[in-house]
Amino acid sequence: MYPKITKNWLGLLFWLAIMATLRYFMSFPSLVHKLYTLRFFKWLTYTLRFIFNKFHFAVGEYVYLIIIIILIIRSLNHFIVNKASIIKRSFWVETLQKGIKGSIKLYIVFQLIWGLNYFGTDPAEQLGLAVQSNLNESQLDSLSVQLIADLNLSRASLSDTSVKKWQLDSLVKESIEAYDSAGQFNDAFEYPFPNIKKATFPAWGDYIGYTAFYQPITSEAIIRTDLPILTQPFTICHEIAHQLGYASETEANFIAFWIAQHSHKLTLKYSMELQIFSYVQNEQLMKVAATGNFTKWKAIVARNKQLLDPKVLADRHAIRAFFSAKQDQRIPGSEKAYDQFLQWNKQAKGLGSYDQVVNWVWAYYQKYPKTDSSTSYSR
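The rules behind the values
Residues numbered from 1 in each chain as written. Predicted model: local features only at pLDDT ≥ 70, side-chain atom pairs only at ≥ 80, totals over all residues. Heavy atoms only, no water. Helix = DSSP H or I, 4+ residues; strand = E, 2+ residues; numbered from the N terminus. Expected span 1.5 Å × (residues − 1). Buried < 20%, exposed > 50% of the residue type's maximum accessible area, 1.4 Å probe, protein only. Pairing = 2+ DSSP bridges. Axes fitted to C-alpha atoms, helices over the stretch in contact; angles between N-to-C directions. Contact = heavy atoms within 4.5 Å. Core = buried A, V, L, I, M, F, W, Y, C linked by side-chain atoms within 4.5 Å. Salt bridge = Lys/Arg side-chain N within 4 Å of Asp/Glu carboxyl O. Phe/Tyr/Trp six-rings, centres within 6.5 Å; stacked < 30°, edge-to-face > 60°. Lys, Arg positive; Asp, Glu negative; His and termini not counted. Parallel < 35°, antiparallel > 145°, perpendicular 65-115°, else oblique. Left-handed = near helix turned anticlockwise from the far one by under 90°. Nonpolar A, V, L, I, M, F, W, Y, C, P; charged D, E, K, R; others polar.

Chemist: I would appreciate a short explanation of helix α4 (residues 89-113) in the present structure.
Modeler: For an α-helix, the turn length of 3.6 residues means that residues three or four places apart are oriented alike. Compared with the 36 Å implied by 1.5 Å per residue over 25 residues, the 36 Å span of α4 between its first and last C-alpha is a close match. Buried within α4 we find Phe91, Val93, Glu94, Thr95, Gln97, Lys101, Ile104, Ile108 and Gln111.

Chemist: It is not clear to me how the sheet that holds strand β1 (residues 196-198) should be interpreted in this structure. Could you clarify?
Modeler: Think of a sheet as strands paired side by side through backbone hydrogen bonds, with each pair either parallel or antiparallel. If you walk across this open sheet you meet the 3 strands as β1-β3-β2, and the pairing is mixed. With one partner strand each, in any of the chains shown, β1 and β2 (212-215) form the two edges of the open sheet. For this sheet, the mean angle separating the axes of adjacent strands, direction not counted, is 25 degrees. Of the strand pairs in this sheet, β2 and strand β3 (residues 220-223) are connected by 4 bridges, and their pairing is antiparallel. Bridge pairing in β3 places Tyr214 opposite Ala221. Its contacts with the sheet place helix α3 (residues 59-81) against β2 and β3, and it is angled at close to 75 degrees to β2.

Chemist: It is not clear to me how unusual backbone geometry should be interpreted in this structure. Could you clarify?
Modeler: Apart from glycine, the bulk of residues carry a negative phi angle, and the bulk of peptide bonds sit in the trans form. Its identity as a non-glycine residue notwithstanding, Phe193 has a phi of 55 degrees, on the positive side. Even without a glycine there, the phi angle at Ser219 is positive, about 55 degrees. Among the secondary structure elements, Ser219 is positioned in the loop between β2 and β3. On the basis of relative accessibility, which here comes to 0%, the residue Ser219 falls in the buried class.

Chemist: Is there a simple way to explain the nonpolar core in this structure?
Modeler: A general feature of soluble globular proteins is that nonpolar side chains tend to end up buried together. Counting residues in each nonpolar core, the largest one holds 61 residues, and the members touching the most others are Tyr179, Ile196, Phe254, Ile259 and Ile276. Of all the secondary structure elements, the ones that give two or more residues to this core are α6 (137-156), α8 (168-183), β3, α10 (232-243), α11 (249-261), α12 (266-291), α14 (310-326) and α16 (357-367). Setting aside anything within four residues of it in sequence, one finds Phe254 in contact with Leu127, Leu129, Val357, Trp360, Val361 and Tyr364. Leu12, Met26, Phe41 and Tyr118 belong to the second largest nonpolar core, which has 14 residues in total.

Chemist: Is there a simple way to explain the pattern of salt bridges in this structure?
Modeler: Pairing between side chains of opposite charge can happen when the charged atoms of each approach one another. Evaluated as defined, the whole model comprises 9 salt bridges. Where Arg155 meets Asp160, a salt bridge forms, and the shortest distance between an N and an O atom there is 2.9 Å. Among the residues examined, Arg155 registers a relative accessible area of 5% and is labelled buried. A residue is classified by how much of its surface remains accessible, and Asp160, at 35% relative accessible area, is partly exposed. With a closest N to O distance of 3.6 Å, Lys311 and Asp160 form a salt bridge. Of this pair, Lys311 sits in helix α14 while Asp160 sits in helix α7 (residues 160-164), placing them 151 residues apart in sequence. When its relative accessible area of 39% is taken as the criterion, Lys311 is described as partly exposed. Residues joined in a network through salt bridges with shared partners are Arg155, Asp160, Lys311 and Asp315.

Chemist: Mind showing me how you'd approach the pairing of β3 here?
Modeler: Regular strands place side chains that alternate from one sheet face to the opposite one. Residue alternation in β3 divides its side chains into two sets, Glu220 and Ile222 and Ala221 and Ile223, and both sets are buried. With 3 bridges connecting them, β1 and β3 associate as parallel partners. Along β3, the bridge assignment pairs Ile196 with Ala221. Counting the residues between successive antiparallel strands, the hairpin from β2 to β3 contains 4 residues, one of them, Ser219, with a positive phi of roughly 55 degrees.

Chemist: Any chance you could explain the packing of aromatic side chains here in plain terms?
Modeler: The way to describe two aromatic rings as a pair is by their centre distance and the angle between their planes. Taken as a whole and judged by the stated rule, the model has 29 aromatic pairs. Measuring from ring centre to ring centre gives 6.1 Å for Tyr64 and Phe213, while their planes differ by 35 degrees; the resulting arrangement is tilted. Here Phe213 lies in strand β2 and Tyr64 lies in helix α3, a separation of 149 residues in the sequence. Ring geometry for Phe254 against Trp360: centres 5.5 Å apart, planes inclined by 55 degrees, an arrangement best described as tilted. With Phe254 in helix α11 and Trp360 in helix α16, this pair connects stretches of sequence that are 106 residues apart. Per residue, the accessibility class of Phe254 equals that of Trp360, and both read buried. What links up through ring pairs into an aromatic cluster is the set Phe254, Phe257, Trp258, Trp360, Tyr364, Tyr365 and Tyr368.

Chemist: It is not clear to me how the side chain of Lys269 should be interpreted in this structure. Could you clarify?
Modeler: Turning to its location among the elements, Lys269 is positioned in helix α12. Glu273 provides the closest opposite charge to the buried, salt-bridge-free Lys269, at an N-O distance of 4.6 Å. Residues contacting Lys269, with those up to four places away along its chain left out, are Ala260, Gln261 and Ser263.

Chemist: Sorry if this is basic, but what is going on with the packing of α6 against α12 here?
Modeler: A packed helix pair is summarised by two numbers, namely the angle formed by the two axes and the spacing between the axes. For the pair α6 and α12, interaxial distance at closest approach is 9 Å and the crossing angle is 155 degrees. Relative to α12, the element α6 is oriented roughly antiparallel. Both α6 and α12 take part in a crossing whose hand is left-handed. Of the residues in α12, those in contact with Glu137, Leu140, Asp141, Leu143, Ser144, Leu147, Ile148, Asp150, Leu151, Ser154 and Arg155 of α6 are Leu266, Tyr270, Glu273, Leu274, Ile276, Phe277, Val280, Glu283, Gln284, Lys287 and Val288. Its residues assigned to classes, the contact of α6 with α12 shows 12 nonpolar, 3 polar and 7 charged.

Printed below as a string of structure tokens:
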């Protein structure tokens, strides 16, 4: 019994040493970016996308399903085979060791195939943006009004007939083309071997709480097909950003904004503006609500509704109605679990990290004022 326990503890210490080494490596963002994101991860994902884009279905969903089934079977088998030893202390010590060792191995694999990207330099630094940690209410209001003008202009250029003809396949193609164009001027946006898949089980998202996700084992961007079509271009661009190593939700949101902002595709621009405006308005209203001035809160909502084109209002209402109808299907605790996951991976605000993109968008417009903004990549 004792040699076996000693061997198990030595194995556990070995994996702990590897994890500690990774944790030390994470404390050097520029090194992570240069050695991991731009080299190891880049070529790993090239290879994975080359392999898995040959499949016409989302392999990653089945991979997760198989992993879950294997874990359940192995756990049950462990208890069944050792049922006579369940009352013994040695059984629970060994079970604990195996559980900890398995968790550490899973953590190491996750970091090597994807997670280290969370600890590299952010695109704000790469793109030379001076991002404030916190915007005041006046800045958020200014940004909100600007986005309302952008939304109205974009929607006026989109006929109702054209919007009704939006198809996911064509939106995926336009998103890939936008990245290809951007990649000609900045190799950080190069996107060879596109690997975007339609979710085979989109209803899973209703229970777990996702609209799309990046599968690091297969390097697939898996998109739900049942979402409001107006949200899809931004979602697709967001997931492609993850495929390129932009790990945090703030980063992926900003890259999606950047790509759409520099794209000639009105579908991408309008979808992006709808999403970014929602983030900005939410942030502003939260700041006002924190002061207890609900008269001002109501006045901002009323003003924004008055300024927004009725067609934009209708589009936003349809999107909100879709997600509101799905809210009750969420598995209790799933949102909290994802919030905790984000916090563990250098996103202190958890789910609030999605909204943090507004600080980056403000920084972008400070560097590139709207009067000077164009769709040229030469900047």
